[in-house]
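The lines below spell out each chain.
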Amino acid sequence: QVQLVESGGGLVQAGGSLRLSCVASGRTISSLDMGWFRQAPGKEREFVTANNWRGDSTYYADSVKGRFTASRDNAKNTVYLQMNSLKPEDTAVYYCAARNFISSRWFDRSQYNYWGQGTQVTVSS
């Protein structure tokens, strides 16, 4: 069983930056595909970014390309989401996700079997 705990959310002004962290336990992240999703009020949970277990392929939603950067530190069993140039439309609860099986469906939330509890990101205009 894998447990994921996110942190780093908060309130920031538009144009600002935040870095989210997700610490995994129960399994090393070097054997897991890791992703970030977000859910705004009244909307479905949507894909933000993901990278494969080797860490050599990363995928981003068009809405965050060039602004967000995903990374992982295997020694700390932690993945990060660096968010720059934040916009009010980035306001959402951000969830860390993981999967322990092979799938090419990076954007599909049903393809992830482990989830964190989420951390709130609020961007004011």
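From a predicted model like this one, the values you see are computed outputs, not experimental measurements.

*Asks:* Explanation requested: the overall build of the protein in the structure shown.
*Replies:* Looking only at helices and strands, the protein features zero helices and eleven strands. Along the protein, from the amino end to the carboxyl end, the secondary structure elements read β-β-β-β-β-β-β-β-β-β-β. Since a compact globule built from 125 residues should have a radius of gyration of about 14 Å, the 13 Å found for the protein is in line with a globular shape. Summarising its shape, the C-alpha atoms of the protein cover approximately 40 × 25 × 25 Å along the three principal directions. Burial analysis of the protein (125 residues in total) assigns 45% to the buried set. A separation threshold of at least 6 residues defines the contact pool for the protein, and within that pool the share at least 24 residues apart is 58%. By element, 48% of the accessible surface of the protein is carried by carbon and sulfur atoms, the whole surface being about 6200 Å².

*Asks:* Could you clarify how one ought to interpret the sheet that holds strand E1 (residues 3-7) in this entry?
*Replies:* Two pairing modes exist for strands in a sheet, parallel and antiparallel, and in both the strands are linked by backbone hydrogen bonds. Strand order in the open sheet formed by four strands is E1-E3-E8-E7, with antiparallel pairing between adjacent strands. Strands at the two margins of the open sheet, each flanked by one partner only, are E1 and strand E7 (68-73). Geometrically, the sheet is characterised by an average inter-axis angle of 15° between neighbouring strands, direction not taken into account. Bridge analysis of E1 against strand E3 (residues 18-25) gives five bridges, and the strand direction is antiparallel. Across the sheet, glutamine 3 pairs through a bridge with serine 25, a residue of E3.

*Asks:* Any chance you could explain the pairing of strand E5 (residues 46-51) here in plain terms?
*Replies:* Two faces belong to every sheet, and in a regular strand the side chains alternate between them. Within E5, five of the six residues are buried, which leaves it mostly tucked inside the rest of the structure. Linking strand E4 (residues 33-39) back to E5 in an antiparallel pair, the connection comprises six residues, with glycine 42 at a positive phi of about 75°. Bridging between E5 and strand E6 (residues 58-60) involves three bridges; their strand directions are antiparallel. Bridge pairing in E6 places alanine 50 opposite tyrosine 59. If you look at the hairpin formed by E5 and E6, you'll find six residues sitting between the two strands, and glycine 55 has a positive phi there, around 75°.

*Asks:* Explanation requested: the packing of aromatic side chains in the structure shown.
*Replies:* Where two aromatic rings form a pair, the distance of their centres and the angle of their planes describe that pair. Under the counting rule described, the total for this entry stands at six aromatic pairs. Their ring planes at 20° and their centres at 4.7 Å tell us that tyrosine 59 and tryptophan 106 sit as a pair that is stacked. Remark: tryptophan 106 occurs in the loop between strand E9 (92-99) and strand E10 (114-115) and tyrosine 59 occurs in strand E6; sequence separation between them is 47 residues. By relative accessible area, tryptophan 106 is classed as buried at 10%. A ring pair is formed by tyrosine 112 and tryptophan 115, whose centres lie 6.3 Å apart and whose planes are at 65°; its orientation type is edge-to-face. Every member of this aromatic cluster is reached through a ring pair, and the members are Phe37, Phe47, Phe107, Tyr112 and Trp115.

Reading the values: the criteria
- Residues numbered from 1 in each chain as written.
- Predicted model: local features only at pLDDT ≥ 70, side-chain atom pairs only at ≥ 80, totals over all residues.
- Heavy atoms only, no water.
- Helix = DSSP H or I, 4+ residues; strand = E, 2+ residues; numbered from the N terminus.
- Rg over C-alpha atoms; globule rule 2.2 N^0.38 Å.
- Buried < 20%, exposed > 50% of the residue type's maximum accessible area, 1.4 Å probe, protein only.
- Contact = heavy atoms within 4.5 Å.
- Areas by Shrake-Rupley, 256 points an atom, 1.4 Å probe, with all protein chains shown as cover.
- Pairing = 2+ DSSP bridges.
- Axes fitted to C-alpha atoms, helices over the stretch in contact; angles between N-to-C directions.
- Phe/Tyr/Trp six-rings, centres within 6.5 Å; stacked < 30°, edge-to-face > 60°.

These results come straight from atomic positions and should not be treated as a statement about function.
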